[in-house]
Amino acid sequence: MHRTEPNRIEPDMDHLIQPEREEHTGRRVLQRHLERLERRLQHLGKASQRYTRMRWTIAVGGLLITWMVARWFGTAPAWGVLIAVIAAFVWVALGHGRVKASITNHTLWHRIKSTHLARMRRDWASIPEPSSPAGEPEHPFASDLNLIGNHSLLHLMDTTMSRGGMERLRSWLLYPVLDREHVRERQAMVREIVPLSMFRDRLALHEARAAQQPEMRWEGEQVIAWLESDSGAGRLLPWVLVLGLLALANGVLYILAQAEVLPRLWPYTLVAYIGLYLTRTNAVRGLFDDAVRLEQTLRRFRAVLLYLESRSYDRTPHLAALCRPFWQAEPRPSAVLKRVVRLADMASAQRANIFGVLLNLLVPWNLYVAYRFNRCKQDVKTRLPEWIETWYDLEALNALANFGYLQPDATFPEIRADIDTVSEPVLRTEALGHPLLPDEVRVCNDFTLAHLGEVVMITGSNMSGKSTFLRTLGVNLCLAYAGAPVCAAVLQTGLMRVFTCINVSDSVTDGISYFYAEVKRLKALLQALSMPSDTPLLFLIDEIFRGTNNRERLIGSQSYIEALTGGHGVGLVSTHDLELVRLAESLPTIHNYHFRETIADGRMAFDYELRTGPCPTTNALTIMQLEGLPVPSTSPFGMAADD
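In this text the structure is predicted, and so the values were computed from the model without any measurement.

To continue, consider the sheet that holds strand β2 (residues 427–432). Spatially, β1-β5-β2-β3 is the arrangement adopted by the 4 strands of the open sheet, whose pairing is mixed. Two strands close off the open sheet at either side, each with one partner strand: β1 (414–415) and β3 (445–449). Where β1 and strand β5 (residues 490–493) come together, 2 bridges link them in parallel fashion. The residue bridging Ile415 from the neighbouring strand is Thr493, located in β5. Contacting β1, β2, β3 and β5, helix α17 (residues 466–482) runs over the sheet at an angle of about 110° to β2.

Rendered as structure tokens:
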């Protein structure tokens, strides 16, 4: 499986490339790498300016010298000087072209590396915006866990170059296959790819170099649509043959007429040729547009295939198995696509120009190209979809692996086979953190869910971290089930369906109040919990029944939480109602945890550390007081404002 690598990056970039199995060396090394690239770009820019001056000097000076030689020594020596000037100009132009190509490569390489640094720093403005569809309000957890949209997990992770690859990654996060062996197989793939940073970056570089607009996503759907369209290749063949014979007759009759062997018969056959050709214009009407789109799309895909076909897979058996359709196929995918690209070039090169009109007067060129184009479609129809699907999988796997590479503290979770046993906890984490938070502000916590049927009540003051912890748990489980590393030192879990009720919103257009929307969401959660399934449910509820008054909220929350306990699921419920923590006194399946804050010098401070037991403090009145609102020093219930 070892092959030489074609289309290597120019030699002047080799000193900037680290070994493929390089260790993660942190932000500072990546920053130094970018600084070296910037210095190299400055050097290349100065070299390009020198080449530009040399070209102008040779062009202007050479013409002046040629004119002087012609005037003083005659025409013959002047021709010799002119040839020498042209040769010098061509030599300098070729050198300038190499420098400009190197500038392009270095610029693309700098963009790739700077985006990596932005992902490490969570510098959202410097990370390409996601192009995923809008959120799905009815999805069990998509709108609550910041998985899609701006500043989301998909935004952070998405390194895909195609729309299909992005959709594949999105589906792995939103619609995981809850099968242990499936998850473990994907984990093995991602684990193998994590250290291959150069492999991922080279793929991105090759694709970007072949793209006219590198910022635009590769649209494999256009190719699929072309394959599914009716080719009509067989119907074109008779017309190609007939018009080809007429074109031959036109040429022969013209030559014979010029030689005065036969009378001028060629105008009649030419009219017949044009008339028959015009009846077939519908067959080539969309040829040019299809050719232009396909040429741009397939050229980018072919650049990637050339690299995948020829790299060595000796030390990466999982990657070798995935890419087998590329490196083991005969003929090679890149060779097949080369034929398609060449035909697309033939179809688009003479589009809407006088040369194309004259060419088609002589021979049925467009019809012949359309026939070849459609025949080629039949050749690739059974192969290309597999190549594209494999490429989508590889892109999504690379995105998961790149996330793990740029997050050096991330670990692969342990997916347990059975979580119904009493001996092992349903879920156990150590140093669990939110992957969307920068390293310097992220606070990690240990947490365990011991048995199915348990409910964990999380209390705490405003802004203390309750909602963030719920999302932290949910988003890491989504990563785990997608086969990715998670933001934790340890994560042991079984397979669970995830259902959340966090970002409930009302709807003005549908006439739905916030409270009614929350009730509908919580009803859907109960239905999911009671649904017959071998896979238990993990539920995350934030500020239960916040849309109603205190008395009814307390009564409704108590009844709802009691209904959650003892079922085929487990979950967390955050609340401000400290009365709810008393449920743990009567129900052993309910456990209390809390976040707290401290107040010093008139300012609140949060450590975001999860502690056992109910929260001993509240801070709503303190927040009002600190912001200058009229708050009494003692509440009507006899509590100090800072209790």
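This part is about a positive patch on the surface. A surface patch of like charges, here positive, comprises Lys338, Arg342, Arg372 and Arg375. Of all the secondary-structure elements, those providing two or more residues to the positive patch are α13 (333–349) and α15 (365–380). Structurally, Arg342 is set in helix α13.

Let's shift gears to the packing of helix α5 (residues 180–193) against α17. As a packed pair, α5 and α17 sit with axes 7 Å apart at the nearest point and diverge in direction by 85°. Taken as axis vectors, α5 and α17 run roughly perpendicular relative to one another. Contact with α5, carried on its side by Val183, Arg186 and Gln187, involves Ala480, Tyr481 and Ala482 of α17 and no other residues of that element. Partitioning the contact of α5 with α17 into residue classes produces 4 nonpolar, 1 polar and 1 charged.

Okay, the environment of Phe447 next. For Phe447, the position within the fold is in strand β3. Exposure remark for Phe447: the relative accessible area of 2% places this residue in the buried category. Taking C-alpha positions, Phe447 is 9.9 Å from Tyr593, a pair spaced 146 residues apart along the chain. What Phe447 contacts, discounting residues up to four positions off in sequence, is Leu427, Arg428, Thr429, Val456, Phe469, Leu473, Leu572, Tyr593 and Leu610.

The subject of this paragraph is the pattern of salt bridges. Applying the stated criterion across every chain yields a total of 15 salt bridges. With a shortest N-O distance of 4.0 Å, Arg184 and Glu181 are connected by a salt bridge. Here Arg184 pairs with Glu181, and both are found in helix α5, just 3 residues apart, close to one helical turn. Here Arg184 falls in the partly exposed class, since its relative accessible area comes to 40%. For Glu181, a relative accessible area of 43% gives the class partly exposed.

Now for the sheet that holds strand β4 (residues 455–460). Taken together, 6 strands build an open sheet; the order of strands is β6-β7-β8-β4-β9-β12 and the sheet is mixed. A single partner strand is all that each edge strand has here, and the edge strands are β6 (497–501) and β12 (611–612). Here strand β7 (residues 537–542) runs beside strand β8 (residues 569–575); their pairing, made up of 6 bridges, is parallel. For Leu538, the partnering residue across the bridge sits in β8 and is Val570. Running over the sheet, helix α18 (residues 514–530) touches β6, β7 and β8 and is turned about 160° from β6.

Another aspect to go through is unusual backbone geometry. Glycine aside, negative phi is the norm for most residues, and most peptide bonds take the trans geometry. Even without glycine at this site, His151 takes up a positive phi of about 55°. By relative accessible area, which is 46% here, His151 ends up partly exposed.

Turning to the pairing of strand β9 (residues 590–595), a few remarks are in order. Among the 6 residues in β9, 5 count as buried, and that is most of the element. Here β4 pairs with β9 via 6 bridges, running parallel. Note on β9: the bridge partner recorded for Ile458 is Tyr593.

Procedures and definitions
Residue indices begin from 1 for each chain and proceed along its sequence in written order. Restriction of local features to residues with pLDDT of at least 70 applies here, the model being predicted, together with a cutoff of 80 or more for giving and counting side-chain atom pairs; totals for whole chains, interfaces and linings are based on all residues. Hydrogens are left out, water is left out, and the side-chain values use all remaining heavy atoms of the structure. Strands qualify as paired when DSSP identifies two bridges or more between them. Only DSSP runs of H or I with at least four residues qualify as helices, and only runs of E with at least two residues qualify as strands; both kinds are numbered from the N terminus onward. Any two residues having at least one pair of non-hydrogen atoms within 4.5 Å are treated as being in contact. Here the axes come from fitting lines to C-alpha atoms, over the contacting stretch only for helices, and the angles between their N-to-C directions go from 0 to 180 degrees. Within this analysis, patches are made of residues with over 30% relative accessible area and no salt bridge. Like charges are joined at 9 Å or less; nonpolar side chains (Val, Leu, Ile, Met, Phe, Trp, Tyr) at 5 Å or less. Exposure was quantified through the Shrake-Rupley algorithm and a 1.4 Å probe, taking into account, for residues, occlusion by the shown protein chains and nothing else. What makes a salt bridge here is a side-chain nitrogen of Lys or Arg within 4 Å of a carboxyl oxygen of Asp or Glu, nothing more. Note on charges: Lys and Arg go in the positive column, Asp and Glu in the negative column, and His and the chain ends are not counted at all. Charge positions come from single atoms, namely NZ of Lys, CZ of Arg, CG of Asp or CD of Glu. For classification purposes, an angle smaller than 35 degrees is called roughly parallel, one larger than 145 roughly antiparallel, one from 65 to 115 roughly perpendicular, and anything else oblique. Side-chain classes follow a simple rule in which Ala, Val, Leu, Ile, Met, Phe, Trp, Tyr, Cys and Pro form the nonpolar group, Asp, Glu, Lys and Arg form the charged group, and the remainder, Gly included, forms the polar group. Burial status follows relative accessibility: with a 1.4 Å probe on protein chains alone, a residue under 20% of its type maximum counts as buried, one over 50% as exposed, and anything between as partly exposed.

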